[in-house]
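# What the coordinates show
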Amino acid sequence: MIGLLLALLLMLLLPFTGTELLPAQAVLIALGASCEFTIVSLLSLFSEQYPQARATLFSLVSFGISIGLGIASPLAVALWDWSGLAPISVLAALSLGVALLLTQVWLHENAPS
């Protein structure tokens, strides 16, 4: 959950890097590391939720990620053409906020088997 929060904050910070290369690279590297950390950390939490249906659960998680990628790609292009990086970052931060909320509400450590 810390990774989701960090990714959310970094995504909101990205538009403020402006046209400076070094701050933008630093934010993007930290954002990539945060996202990778979050994905790897959440995999074990997903698998704890219902061990008897682990494959089904991972299929649903993969399906959700695929839907997000399928929707986000054309939407990001349209937003970039409309107004640049800021609305893309805000939408990504909102999506990460929703993911954080859903993770907080629905995923539980040491879920009953």
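So, here's what we can say about the structure.

About the cut-offs
- Residues numbered from 1 in each chain as written.
- Predicted model: local features only at pLDDT ≥ 70, side-chain atom pairs only at ≥ 80, totals over all residues.
- Heavy atoms only, no water.
- Helix = DSSP H or I, 4+ residues; strand = E, 2+ residues; numbered from the N terminus.
- Buried < 20%, exposed > 50% of the residue type's maximum accessible area, 1.4 Å probe, protein only.
- Contact = heavy atoms within 4.5 Å.
- Core = buried A, V, L, I, M, F, W, Y, C linked by side-chain atoms within 4.5 Å.

## What to know about the overall build of the chain
Secondary structure summary: the chain contains 4 helices and 0 strands in total. In terms of overall dimensions, the chain has a C-alpha envelope of 50 × 25 × 20 Å along the principal axes. When burial is assessed residue by residue, the chain has 26% of its 113 residues classed as buried. Within the chain, contacts between residues at least 6 apart in sequence are counted, and of these 66% link residues at least 24 apart.

## Focus on the side chain of Thr 103
If you trace the backbone, Thr 103 turns up in helix α4 (residues 85-106). Aside from chain neighbours lying at most four places away, what touches Thr 103 is Met 1, Leu 4 and Leu 42.

## Quick look at the nonpolar core
Soluble globular proteins tend to bury their nonpolar side chains together. One finds Leu 4, Met 11, Leu 31, Leu 42, Phe 46, Leu 96 and Leu 107 to be the most contacted residues of the largest nonpolar core, which totals 16 residues. When residues no more than four places from it in sequence are discounted, the contact partners of Leu 4 are Thr 38, Leu 42, Leu 96, Ala 99, Leu 100 and Thr 103.

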